[in-house]
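What follows is each chain in one-letter form.
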Amino acid sequence: MGGMEDILREAMRGFGFGGTGFGENGHAQHRGRDLLDEIVIDLKDAFFGTTHTIKFTSAVKCDKCDGNGTSDGKPAPACPTCGGTGFVHARQGFFAVETPCPDCNGLGKKIDKKCSACDGTGTVNKQRTLDVKIPAGVMDGARLRMAGMGEAAPNGGTPGDFYVDIHVRPDKRFERIGNDLLMHMDLDFATLALGGEIEIETIDDKKLSVKIPSGTQVGEKLRVRGHGMPTGRGGFGDLYIEIGITIPKKLTEKQKKALNEFSDTKPSKKGWF
Ligand SMILES: [Zn+2]
Ligand SMILES: [Zn+2]
């Protein structure tokens, strides 16, 4: 296979387009169209990985003729006009140009008796189902490629690829930052000032107890190692808990007294903060 042919084939690829290249035997070889779909998943699905089944209709290889387009199902002989390349050379002024062969319409084959099921195209439209395996830790906007799962090519060529764009829905509790997760947690003044232990629920629904150091400030982010998203390399990102505060709207007399006593111990009249 020559370098020019590779370049030509690459240039003809792209979404929505089949391409024409040259097979090993030098015959014209078409490539099936690439297909593109999208799947929306939850963050938890992205954590565990999941499988989605999609249904669609696309061109598949004709069973009756095995993709050859012939009534007997055998490969058709090469077109004598173009010698099987699907192109003929013509002169335009000083330039030699290649145009699709008028005898075989660029197919490179001469089909005398067409297959009745596919009318000689070698492909038929069929309802298909595809199981899309979405890996754990998949990022929003990731594009998965399933080689050879696109449309079948006419003329028994290479099938296209199937691409799936993954969209991960924003989660109510966790914000994703790369492989890390960020959650918000409001705590009362006493717990922040004195320190303590709180229980949180992780993305995989596990209860986890987290130590709050004494003197924790509002806006501080506490890191819980290894409870973020899978990295795809066997590890996990971290979970960050952003600390907020809850201020009670009503206090009991006992609480008021305790807070007043606390307030009286202030080192200056300017306050603590
Ligand atoms: Zn031809
Ligand atoms: Zn057929």
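Residues numbered from 1 in each chain as written. Chains lettered and ligands numbered in written order. Predicted model: local features only at pLDDT ≥ 70, side-chain atom pairs only at ≥ 80, totals over all residues. Heavy atoms only, no water.

The next point concerns the coordination of the zinc ion (ligand 2). Note on the zinc ion (ligand 2): its protein donors are Cys62 (SG), Cys65 (SG), Cys115 (SG) and Cys118 (SG). The metal-donor distances range over 2.3 Å. Each donor residue of the zinc ion (ligand 2) lies on the same chain, and together they follow the pattern C-x2-C-x49-C-x2-C. With Cys62 in the loop between strand 4 (50-61) and strand 5 (87-92) and Cys118 in the loop between strand 6 (95-100) and strand 7 (123-134), the pair connects residues that are 56 residues apart, well separated along the chain. (Donors = N, O, S within 2.8 Å, 3.2 Å for Na, K, Ca; no water. Helix = DSSP H or I, 4+ residues; strand = E, 2+ residues; numbered from the N terminus.)

Across a sheet, paired strands are connected by hydrogen bonds in the backbone, their directions being either parallel or antiparallel. Taking strand neighbours across the sheet as the criterion, the 3 strands line up as 3-9-8 in an open arrangement whose pairing is mixed. Strand pairing shows two members of the sheet lacking a second neighbour, strand 3 (35-41) and strand 8 (143-146), which therefore form its edges. Taken over all neighbouring pairs, the strand axes of this sheet differ in orientation by 25° on average, direction set aside. Pairing analysis gives 4 bridges linking strand 8 to strand 9 (residues 162-168), with the strands arranged antiparallel. Considered in strand 9, the bridge of Met146 is made with Phe162. (Pairing = 2+ DSSP bridges. Axes fitted to C-alpha atoms, helices over the stretch in contact; angles between N-to-C directions.)

Looking at the zinc ion (ligand 1), the protein donor atoms are Cys79 (SG), Cys82 (SG), Cys101 (SG) and Cys104 (SG), and they sit 2.3 Å from it. Geometry at the zinc ion (ligand 1) is tetrahedral, judged from its 4 donor atoms and the angles of 103 to 115° they form at the metal. (Tetrahedral: all angles 85-135°; square planar, octahedral: opposite > 155°, others 65-115°.)

Before going further, it helps to spend a moment on the sheet that holds strand 15 (residues 239-246). Strand order in the open sheet formed by 4 strands is 10-11-15-14, and the pairing between neighbours is mixed. Edge positions in the open sheet fall to strand 10 (175-177) and strand 14 (221-224), since each of these has one partner strand only. On average, each strand axis in the sheet is inclined to that of its neighbour by 35°, with strand direction left out of account. Looking at chain direction, strand 10 and strand 11 (residues 180-188) are connected through 3 bridges and run antiparallel. From the neighbouring strand, Ile177 faces strand 11, where its bridge partner is Asp180.

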